[in-house]
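A look at the structure
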Amino acid sequence: WAVVPFLLLFSTLLAQSVIDLELYRLLDRITFPVLGASVVLIALVSWVEDEPGRILLALGGAVGYFLFLLLPALAYPRGMGLGDVKLALLMGLFLGWVHPILCLYAVILSCLLGLVAGLVMYFARGRKSAQFPFGPWLALGCVLTLLFGQPVLDLYGASTAPFLA
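Note that the coordinates shown come from a computational prediction; the quantities given were computed from them, not determined experimentally.

1. Focus: the overall build of the chain
Looking only at helices and strands, the chain features seven helices and zero strands. In sequence order, the secondary structure elements of the chain are arranged as α-α-α-α-α-α-α. In terms of C-alpha radius of gyration, the chain reaches 16 Å, essentially the compact-globule figure of 15 Å for 165 residues. Each principal axis of the C-alpha distribution contributes one length, and for the chain these read about 55 × 35 × 25 Å.

2. Some points on a nonpolar patch on the surface
A cluster of nonpolar side chains, contributed by Phe 68, Leu 104, Ile 108 and Leu 112, occupies part of the molecular surface with about 370 Å² of accessible area. Within the secondary structure, Leu 112 is located in helix H5 (residues 101-124).

3. With respect to the packing of helix H4 (residues 82-98) against helix H6 (residues 135-148)
Where H4 meets H6, the closest approach of the two axes is 11 Å, and the angle between their N-to-C directions is 0 degrees. The orientation of H4 relative to H6 falls into the category roughly parallel. In this structure, H4 uses Asp 84, Met 91, Phe 94, Leu 95 and Val 98 to contact H6, whose residues at the interface are Gly 135, Leu 138, Ala 139, Cys 142, Thr 145 and Leu 146. Residue composition of the contact of H4 with H6, grouped by class: eight nonpolar, two polar and one charged.

4. Section: the pattern of salt bridges
All told, the structure shown has two salt bridges when counted by the stated rule. Between Lys 86 and Asp 28 there is a salt bridge, and its shortest N-O distance comes to 2.7 Å. One end of the pair, Lys 86, is in helix H4; the other, Asp 28, is in helix H2 (residues 28-48), with 58 residues separating them in the sequence. Between Arg 54 and Glu 51 there is a salt bridge, with the nearest N and O atoms lying 3.8 Å from each other. In this structure Arg 54 comes out as buried when scored by relative accessible area, which is 9%. Residue Glu 51 is classed as partly exposed on the basis of its relative accessible area of 22%.

5. A look at the environment of Thr 31
Tracing the chain through its elements places Thr 31 in helix H2. For the pair Thr 31 and Leu 9, spaced 22 residues apart in the sequence, the C-alpha separation amounts to 9.9 Å. If sequence neighbours within four positions are ignored, Thr 31 has contacts with Gln 16, Lys 86 and Leu 87. At 2.7 Å, the side chain of Thr 31 forms a polar contact with the side chain of Gln 16.

6. What about helix H3 (residues 53-75)?
For H3, built from 23 residues, the straight-helix expectation of 33 Å at 1.5 Å per residue is met to within 8% by its first-to-last C-alpha distance of 34 Å. Every buried residue of H3 is listed here: Arg 54, Ala 58, Gly 61, Ala 62, Tyr 65, Leu 69, Leu 70 and Ala 73. Those residues of H3 hidden inside the fold are in contact with H2, H4, H5 and H6.

Thresholds, definitions, all that
- Residues numbered from 1 in each chain as written.
- Predicted model: local features only at pLDDT ≥ 70, side-chain atom pairs only at ≥ 80, totals over all residues.
- Heavy atoms only, no water.
- Helix = DSSP H or I, 4+ residues; strand = E, 2+ residues; numbered from the N terminus.
- Rg over C-alpha atoms; globule rule 2.2 N^0.38 Å.
- Patch = residues over 30% accessible without salt bridge, like charges linked within 9 Å, V, L, I, M, F, W, Y side chains within 5 Å.
- Areas by Shrake-Rupley, 256 points an atom, 1.4 Å probe, with all protein chains shown as cover.
- Salt bridge = Lys/Arg side-chain N within 4 Å of Asp/Glu carboxyl O.
- Axes fitted to C-alpha atoms, helices over the stretch in contact; angles between N-to-C directions.
- Parallel < 35°, antiparallel > 145°, perpendicular 65-115°, else oblique.
- Contact = heavy atoms within 4.5 Å.
- Nonpolar A, V, L, I, M, F, W, Y, C, P; charged D, E, K, R; others polar.
- Buried < 20%, exposed > 50% of the residue type's maximum accessible area, 1.4 Å probe, protein only.
- Polar contact = N/O pair within 3.5 Å; in protein donor to acceptor, adjacent residues only side chain to side chain.
- Expected span 1.5 Å × (residues − 1).

Here it is in structure tokens:
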């Protein structure tokens, strides 16, 4: 059952990434409905699999990731758009569902990927434009962390929910 919410997340991140690369925007009309559906799906799967405590972990991950990106966005509004911050709610929900520590690793990986991509784009454009879509790199960091995060959890002696393993 856990596959269904993850397929929703991955397809949403792909769609938002393509839109961000084209328009330099992440659309609320995609993020918010998927966030609502994801909360319901995660709650249902957690309840059916007799892991209701996972719901609180998911909500904590969503709030934590959101706040982690909100602070720099408020401090320097031209540096990051609020679409990235709102997308962090969705990504944090899933990362927290697996384990909240993954939110930290996802944001670190996303920043590293974004830095490398940003430098490549900056020099490829001939230093003409500072505008840069960060959403695809947030999405990629989230997906890679979800797919390959088990060694990180092993470092902390943490485990995922049995139905997510």
